[in-house]
Amino acid sequence: MAKKKLEFNGDTLRRMTDLSGQTAVVTGGSAGIGKATARLLAEAGANVVIVNRRAEAGRAVADALVAEGHSAVAMACDVGDEESIRRLFEDTAGRFGTVDILVNNAGIMPKTPFTEVTAEEWDTVQRVNLRGAFLCMREAARLMQDNPEGGRIVNVSSTSSMHPGVIGNAAYCASKGGVNMLTKSAAFDLAPDSINVNAVLPGGTETEGVEELRKGPTVFVGPNTEKQRYRFGRLAEPLEVAAAIFFLASPAANYITGQTLVVDGGFQVA
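For clarity, every value in this text was computed on a predicted model and none was experimentally measured.

Caption draft 1: A look at the environment of G97. Relative to the helices and strands, G97 resides in the loop between α4 (82-96) and β4 (101-104). By relative accessible area, G97 is classed as exposed at 55%. Sequence separation between G97 and T23 is 74 residues, and the spatial gap between their C-alpha atoms is 8.5 Å.

This is the structure:
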């Protein structure tokens with residue numbers, strides 16, 4: 001199907017950010033960047049499916065959004081398991097009819113010295129971060145192919161896909177490098193179906209996961225953790241990354257696909 005053009009109609013700005021009636025799936029949506037993204041999508045009018053390995057992890061977020069008058073549900077899915085992913089998208093389509101937006105945010109980031117990384121740990125990271133992203137994209141795209149308006153996929157990668165930012169992060173860096181090329185390849189293949197595929201690459205971000213890493217037994221050091229390395233003098237807030245994800249998930253990014261948008265507070269130019 002041909003990509004529908006944006007046109008001025010006197011209400012263009014509102015339409016560029018209006019997601020009323022659309023359904024968005026956000027993996028890893030219970031905290032940090034995922035939680036902030038789910039809220040933005042819900043406030044724009046989307047039906048938001050907040051996905052975590054255990055549904056209860058996202059239930060408080062979904063309940064809070066519903067209490068404010070938004071449409072949100074929590075669903076369970078192990079993004080490392082193909083059958084679990086199939087059920088997620090079947091259940092979402094059964095409830096809302098289709099999927100218009102997918103935000104691939106779920107991921108794991110163990111810290112292990114390079115020579116101590118086991119094959120099992122390596123495989124687990126790739127299984128969740130890369131294979132899981134692919135499977136979610138595939139299932140979402142199958143639904144989006146039947147949508148007259150196509151759909152939008154946003155993968156959450158990392159600046160660690162471009163350069164190592166934290167010691168002991170090899171498996172994670174490799175997985176996110178794969179996500180970048182997966183994004184471009186999928187964008188190339190799915191453009192004829194009017195499906196936009198892009199990625200956001202956050203630098204250091206003040207999330208609950210990062211805070212836990214700081215308290216953990218492993219060393220959490222490297223340029224990505226040093227606030228003085230960022231031109232704005234601090235790490236990002238989740239909302240600042242979520243805003244970029246929202247842009248790429250919105251009609252405002254109608255003609256953008258295959259791109260990797262870095263959100264790093266000037267780290268790359270320091």
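After that view of the structure, there is still more to cover.
Caption draft 2: View of the pairing of strand β3 (residues 71-76). Here six bridges tie strand β2 (residues 47-52) to β3, and the two strands are oriented parallel to one another. Counted as the bridge partner of N47 is S71 from β3. At this point the chain moves from β2, through helix α3 (residues 55-67), to the parallel β3, and the crossover so formed is right-handed.

Caption draft 3: The arrangement of the side chain of N52 in detail. With respect to the helices and strands, N52 occurs in strand β2. Discounting chain neighbours no more than four positions away, the residues touching N52 are G28, G29, S30, A57, G58, M75, A76 and C77.

Caption draft 4: Helix α5 (residues 119-144), seen in detail. Look at α5: 35 Å from first C-alpha to last across 26 residues, which is about the 38 Å you get at 1.5 Å a residue. Along its length, α5 reaches its greatest deviation from straightness, about 40°, at R127.

Caption draft 5: Inspection of the pairing of strand β6 (residues 195-202) at higher detail. In terms of burial, β6 is a largely internal element, eight of the eight residues being buried. When strand β5 (residues 151-156) meets β6, the two strands line up parallel, connected through six bridges. Residue pairing for β6: R152 is matched across the bridge by N196. With helix α6 (residues 170-190) bridging β5 and its parallel neighbour β6, the resulting β-α-β unit is right-handed. In terms of strand pairing, β6 meets strand β7 (residues 260-263) through four bridges, oriented parallel. Counted as the bridge partner of V200 is L261 from β7.

Caption draft 6: Broad picture of the state of the cysteines. Here the structure, examined in full by the defined rule, presents zero disulfides. Not part of a disulfide, C77 finds its nearest cysteine sulfur in C136, a span of 5.6 Å. For C77, a relative accessible area of 3% gives the class buried. With a relative accessible area of 0%, C136 lands in the buried category.

Caption draft 7: Spatial organisation of the packing of helix α2 (residues 32-43) against helix α8 (residues 238-249). At a closest axis distance of 8 Å, the pairing of α2 and α8 adopts a crossing angle of 50°. For the element pair α2 / α8, the angle class is oblique. In the packing of α2 onto α8, the handedness of the crossing is right-handed. On α8, the residues touching G32, I33, A36, T37, L40 and L41 of α2 are P238, L239, V241, A242, A243, I245, F246 and A249. Across the contact of α2 with α8, the residue classes break down as 12 nonpolar, two polar and no charged.

Caption draft 8: Highlighting the pattern of salt bridges. Evaluated as defined, the whole model comprises 15 salt bridges. Taking the shortest distance from any N to any O, the salt bridge between R138 and E139 comes out at 3.0 Å. The shortest N-O distance in the salt bridge between R234 and E240 comes to 2.7 Å. Here R234 falls in the partly exposed class, since its relative accessible area comes to 38%. Classification of E240 as partly exposed rests on a relative accessible area of 36%. Ionic contacts of the salt-bridge type, sharing partners, join the residues E82, E83, R86, R138, E139 and R142 into one network.

Caption draft 9: Summary view of the packing of aromatic side chains. Throughout the structure, instances matching the rule amount to one aromatic pair. Taking 5.0 Å as the distance between ring centres and 50° as the angle between the ring planes, the aromatic pair formed by Y230 and F267 counts as tilted. Placement of the pair is Y230 in the loop between α7 (208-215) and α8 and F267 in the segment after β7, with a sequence separation of 37 residues. Across the pair, F267 and Y230 agree in class, each one buried.

What counts, and where the lines are drawn
Residues numbered from 1 in each chain as written. Predicted model: local features only at pLDDT ≥ 70, side-chain atom pairs only at ≥ 80, totals over all residues. Heavy atoms only, no water. Helix = DSSP H or I, 4+ residues; strand = E, 2+ residues; numbered from the N terminus. Buried < 20%, exposed > 50% of the residue type's maximum accessible area, 1.4 Å probe, protein only. Pairing = 2+ DSSP bridges. Right-handed = clockwise from strand over helix to strand, strands pointing away. Contact = heavy atoms within 4.5 Å. Expected span 1.5 Å × (residues − 1). Bend = angle between axes of the 7 residues up to and from the residue. Disulfide = S-S within 2.5 Å. Axes fitted to C-alpha atoms, helices over the stretch in contact; angles between N-to-C directions. Parallel < 35°, antiparallel > 145°, perpendicular 65-115°, else oblique. Left-handed = near helix turned anticlockwise from the far one by under 90°. Nonpolar A, V, L, I, M, F, W, Y, C, P; charged D, E, K, R; others polar. Salt bridge = Lys/Arg side-chain N within 4 Å of Asp/Glu carboxyl O. Phe/Tyr/Trp six-rings, centres within 6.5 Å; stacked < 30°, edge-to-face > 60°.

Nothing here speaks to function; it is geometry throughout.
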